[in-house]
Amino acid sequence: QVQLAESGGGLVQAGDSLRLSCTVSGRTARHTIGWFRQAPGKEREFVAAISWSTGSARVADSVKGRFTIARDSAENTVYLQMNNLKQEDTAVYYCAARQGELSSISGYSGYYSSWGQGTQVTVSS
């Protein structure tokens, strides 16, 4: 099983940038690493996902153009770069792992088997 740990969250102002990190341990070959977020009273929402082996990525339409996802294999880390943050981005952000290739199924949280503890991102105006 893959172990995950998020870091980098915090309190920022609207328009600021923030980079979240997800450190990954265990076997990562042929895995997809995803970012999800959940605000109070709302369902968990897909943000982005990346193939560990190839670096191919998908980003949700709601954050496309502002967020990017990348991985650094040497440091066993997946990053979520968040630019031009808005109040609606406030949520707990989770990284997750599933065994399988990057595809449309990677946008659904129910198919991920491993989860981190989450990191809080709060955006104020």
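Refer to the structure above for everything that follows.
Sequence order sets the numbering: in each chain, residues are counted from 1 along the sequence as written. Predicted model: local features are reported for residues with pLDDT of at least 70 only, side-chain atom pairs are reported and counted for 80 or more only, and whole-chain, interface and lining totals are derived from all residues. As a rule here, side-chain values cover all heavy atoms of the structure and leave hydrogens and water aside.

1. Details of the nonpolar core
Ranked by size, the top nonpolar core spans 33 residues in total, and within it Trp35, Leu80, Met82 and Tyr93 carry the most contacts. For this core, the secondary-structure elements that each account for two or more residues are β3 (18-25), β4 (31-38), β5 (45-51), β7 (67-72), β8 (77-82), β9 (91-99) and β11 (119-124). Contacts are residue-level and defined by heavy atoms, with any inter-residue pair within 4.5 Å sufficient. Apart from residues lying up to four places away in sequence, Tyr93 is in contact with Glu6, Leu20, Trp35, Phe36, Arg37, Val47, Phe67, Leu80, Met82, Gly118, Thr119 and Val121. The set of buried Ala, Val, Leu, Ile, Met, Phe, Trp, Tyr and Cys residues whose side-chain atoms join them within 4.5 Å is what this entry labels a nonpolar core. Note on classification: 1.4 Å probe, protein chains only; a residue is buried when its accessible area is under 20% of the maximum for its type, exposed when over 50%, partly exposed between these limits. The secondary structure listing takes helices from DSSP runs of H or I that are at least 4 residues long and strands from runs of E that are at least 2 residues long, numbered from the N terminus.

2. Regarding the pattern of salt bridges
Between Lys or Arg on one side and Asp or Glu on the other, a salt bridge is scored when a side-chain nitrogen of the former is within 4 Å of a carboxyl oxygen of the latter. Going through the model one piece at a time under the given rule, you end up with four salt bridges. Here Glu45 makes a salt bridge to Arg37, at a shortest N to O gap of 2.9 Å. For Glu45, a relative accessible area of 31% puts it in the partly exposed group. When the shortest N-O distance is used, the salt bridge between Asp89 and Arg66 registers 2.8 Å. One end of the pair, Asp89, is in the loop between β8 and β9; the other, Arg66, is in the loop between β6 (57-59) and β7, with 23 residues separating them in the sequence. Judged on exposure class, the residue Asp89 and its partner Arg66 are both buried. Beyond isolated ion pairs, a larger network of salt bridges with shared partners links Arg37, Glu45, Arg66 and Asp89.

3. Description of unusual backbone geometry
Positioned with a positive phi, Arg30 is a non-glycine residue whose angle comes to about 60 degrees. Inspection of the secondary structure puts Arg30 in the loop between β3 and β4.

4. Thoughts on the side chain of Asp89
Residue Asp89 is classed as buried on the basis of its relative accessible area, which comes to 0%. Asp89 has contacts with Arg37, Val63, Arg66, Phe67, Asn84, Val121 and Val123, leaving out every residue within four places of it along the chain.

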